[in-house]
Amino acid sequence: MYDVIIVGAGASGLLCALECARAGLHTLVLEKSQQPGRKVLVSGNGRCNLTNRYVSPASYHADPALIETALKHFSFEDCLRYFKDLGVLLTEEAQGRIFPATGKSSAIVETLKLALKEEEVEIKCNVEITQIKAAAAQFILTSKEKDVWHTRKVVLACGSCAYPQVTGTTRGYELAQSVGHHLVQPLPALSGLCLKERAFTRLSGVKCQVRTTVTSNPQAQAEGELIFTNYGVNGPAALNISSAVSRALTNGPVSITINFLPHLQNQTVFWQERLKQFGFRKPKDFFAGLLQENIINLLLDFRGVKKNTPMAEQSATALFETLCAWPATVTALRPWQEAMAVTGGVKTSEINYNTFESRICPGLYLTGELLDVDGKSGGYNLHFAWASAFAAAQALKEK
Ligand SMILES: Cc1cc2nc3c(=O)[nH]c(=O)nc-3n(C[C@H](O)[C@H](O)[C@H](O)COP(=O)(O)OP(=O)(O)OC[C@H]3O[C@@H](n4cnc5c(N)ncnc54)[C@H](O)[C@@H]3O)c2cc1C
């Protein structure tokens, strides 16, 4: 009989197990894959962007009250201190993103594994839990191979179904549902956007700074690098609206706009001055220094501009409006194999925000990406995994 069994040795499972063991709880971790922390290892392009200086409820699609509570348990500073105490040297990059200084996510997984070993926590790999039964004051867990474990408390830290080639699975949802939980439909997030307008493929390979806006419901906006591809767009400015787009796509294609001049403070004044200064130039030369050449060419073709007539003699304003809100239609997100997260998951109204304990099945805790919480790209999803695990472990210690 264990005090706690944690199902899933990913980000939240490993941290939760460590905290439970440090509190003296007899803890076991069961992992379906052949090694712990596989998704953490591939995170951040193998570099693991583990948290972000600017983490706040606004960084998530989730109930803000839940995130606020999680951050009270485990703030940005707590996260830095936690990994420093594990022996990880950290470094900060642009936009407050934090990485291990080694440049390798193994720094995170290995130090967690070492600390767990020092606490003598057993991690059993190649064990997939397929059944949970709540009996009197205990849970009975059964694996695919029909092995059985008994425990007083269970933590479901099974992650989401994103990225199935690296541990992503629907099993956690099924286990949660089997004890009475409900799901908000899991949909891919943090994934590239497929665009209907094939003309954009002319920009394939182009990277530029933009602001993207979802104009239909739910609305969303993101600023940053956009990367054009042979299917549509990727990069932070696409990824950070992809959660909203994914939900909107359930009602059909989604309209977005791309602002190629996101840094302009006063667009109208800028445009008037540009026309005054360079209106005598032919369109292509008029845009020189303002936009990359292939974007200019696409714009001129898209708007049917007369290429040999000076800009001042054409309907320049329509051209400028297109540049600041170029319409595009998203027809789909890239497949699950490319989704770095999920929007949707176990309904958070069914857990206690302070403890992450199920309101439906007392003694069972749910953490990490299994829940209906998804963050922007930049370290926010891992931060939630750590924070929810830490909060659950605090509650388990007190019990
Ligand atoms: C390519 C990629 C890059 C990413 N980069 C970043 C990044 O840089 N920064 C960031 O913040 N986030 C990133 N993420 C997201 C981040 O990795 C996840 O949000 C985070 O790992 C979720 O932690 P978790 O503990 O909830 O789940 P996971 O880390 O996915 O762990 C769940 C574990 O449970 C196991 N499991 C599931 N079901 C069972 C079962 N029935 N029995 C036994 N074991 C089971 C799984 O095998 C898995 O090991 C990235 C994701 C991907 C796919």
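Residues numbered from 1 in each chain as written. Predicted model: local features only at pLDDT ≥ 70, side-chain atom pairs only at ≥ 80, totals over all residues.

**Q** Whenever I open this one, the overall build of the protein confuses me. Can you help?
**A** Along the protein, the regular secondary structure elements total 12 helices and 20 strands. Taken along the three principal axes of its C-alpha coordinates, the protein extends 85 × 40 × 35 Å. Each of the 399 residues in the protein was classed as buried or not, and the buried ones make up 47%. Contacts in the protein between residues far apart in sequence, at least 24 positions, make up 73% of those at least 6 positions apart. (Helix = DSSP H or I, 4+ residues; strand = E, 2+ residues; numbered from the N terminus. Buried ≥ 20, exposed ≤ 12 C-beta atoms within 10 Å, placed from the backbone. Contact = placed C-beta atoms within 7 Å.)

**Q** Mind showing me how you'd approach the packing of helix α3 (residues 64-73) against helix α12 (residues 380-398) here?
**A** When two helices pack together, their arrangement is given by the angle between the helix axes and by the axis-to-axis distance. One can describe the packing of α3 onto α12 by two numbers: an axis separation of 8 Å at closest approach and a directional angle of 70°. Considering their axes alone, α3 and α12 lie roughly perpendicular with respect to each other. Contacts from Ala70, Leu71 and His73 of α3 reach α12 at Phe384, Ala387, Ser388, Phe390, Ala391 and Gln394. Here the residues of the contact of α3 with α12 are counted per class, giving six nonpolar, three polar and no charged. (Axes fitted to C-alpha atoms, helices over the stretch in contact; angles between N-to-C directions. Parallel < 35°, antiparallel > 145°, perpendicular 65-115°, else oblique. Nonpolar A, V, L, I, M, F, W, Y, C, P; charged D, E, K, R; others polar.)

**Q** Looking at this structure, how should I read the sheet that holds strand β5 (residues 90-93)?
**A** Hydrogen bonds between backbone groups are what pair the strands of a sheet, and the pairing can be parallel or antiparallel. Within the open sheet, the three strands sit side by side as β3-β6-β5. Their pairing is antiparallel. Taken across any chain shown, the strands that pair with only one partner, and hence form the sheet edges, are β3 (51-52) and β5. Bridge count for β3 against strand β6 (residues 97-100) is two bridges, and the pairing is antiparallel. Considered in β6, the bridge of Asn52 is made with Arg97. (Pairing = 2+ DSSP bridges.)

**Q** Teacher, can you tell me more about the site of the ligand here?
**A** Not every one of the 40 residues close to the ligand is listed here, only the nearest: Gly8, Gly10, Gly44, Gly159 and Gly368. Mapped onto the shell around the ligand, the elements with two or more residues apiece are α1 (11-22), α2 (38-46), α6 (171-178) and α12. Looking at which element gives the most residues to the shell around the ligand, the answer is α2, with six residues. Class assignment for the residues of the shell around the ligand results in 18 nonpolar, 15 polar and seven charged. (Near = placed C-beta within 6 Å.)

**Q** How should I be thinking about the pairing of strand β8 (residues 129-135) in this particular structure?
**A** Two faces belong to every sheet, and in a regular strand the side chains alternate between them. Here six bridges tie β8 to strand β9 (residues 138-143), and the two strands are oriented antiparallel to one another. When the bridges of β9 are listed, Ala134 appears paired with Phe139. Between the antiparallel neighbours β8 and β9 lie two residues, among them Ala137 with a positive phi of about 55°.

**Q** I keep staring at the pairing of β6 and nothing clicks. Help me out?
**A** The two faces of β6 match: Arg97 and Phe99 on one face and Ile98 and Pro100 on the other face are all buried. Bridge count between β5 and β6: four bridges; the pairing is antiparallel. Bridging across to β6, Glu93 finds its partner in Arg97. Hairpin connection from β5 to β6: three residues lie between these consecutive antiparallel strands, with Gln95 at a positive phi of about 60°.

**Q** Help me out: how do you make sense of the domain arrangement of the protein in this one?
**A** Size of an interface: often given as the accessible area lost when the parts come together. What the domain assignment lists for the protein is domain 1 (2-188 + 338-398) and domain 2 (192-333). Contacts between the two partners involve nine residues from domain 1, matched on the other side by eight residues from domain 2. Of the residues belonging to the side of domain 1 that touches domain 2, the class tally is three nonpolar, three polar and three charged. (Domains from an automatic or database assignment.)

**Q** Before we go on, may I ask you to explain the sheet that holds strand β14 (residues 220-228) in this structure?
**A** Read once around its circumference, the closed barrel built from six strands follows the order β12-β15-β14-β13-β16-β17, with strand pairing classed as antiparallel. When the angles between neighbouring strand axes are averaged without regard to direction, this sheet yields 45°. Relative to β14, strand β13 (residues 207-214) runs antiparallel, the two being bridged by eight bridges. Counterpart to Arg211 in the pairing with β14 is Glu223.

**Q** Mind showing me how you'd approach the environment of Tyr173 here?
**A** Within the fold, Tyr173 resides in helix α6. Looking at Tyr173, the number of C-beta atoms within 10 Å reads 21, which means it is buried. Along the sequence, Tyr173 and Lys32 sit 141 residues apart, while their C-alpha atoms lie 15 Å from each other. Ignoring any residue separated from it by four or fewer positions in sequence, one finds Tyr173 in contact with Leu183, Pro186 and Val346.

**Q** What is the right way to look at the nonpolar core in this model?
**A** In summary, soluble globular proteins display a tendency toward joint burial of nonpolar side chains. With 74 residues, the main nonpolar core has Val7, Cys16, Ala17, Val155, Leu156 and Trp386 as its most contacted residues. Per element, the largest residue contribution to this core is 12 residues, and it comes from α12. The contact partners of Cys16, leaving out residues within four places of it in the chain, are Ile6, Val155, Ala157, Thr367, Ala389, Ala392 and Ala393. Of all hydrophobic cores here, the second largest spans 44 residues; its members include Val245, Leu249, Ala316 and Ala341. (Core = buried A, V, L, I, M, F, W, Y, C linked by C-beta atoms within 7 Å.)

**Q** Explain the environment of Gln209 to me, please; I cannot follow it from the model alone.
**A** Here Gln209 shows up in strand β13. Measuring from C-alpha to C-alpha, the distance between Gln209 and Glu225 comes to 4.5 Å, with 16 residues separating the pair along the chain. Ignoring anything within four residues of it in the chain, the contact list for Gln209 reads Gly224, Glu225 and Pro262.

**Q** Even after reading the chapter, I still don't get unusual backbone geometry, so can you show me in this structure?
**A** Trans is the prevailing form of peptide bonds, just as negative phi is the prevailing case for residues other than glycine. A cis amide bond links Asn217 with the next residue in sequence, Pro218, at an omega value of -10°. Mapped onto the fold, Pro218 is located in the loop between β13 and β14. Although it is not a glycine, Glu120 sits at a positive phi angle of roughly 60°. Turning to its location among the elements, Glu120 is positioned in the loop between α5 (106-118) and β7 (122-124).

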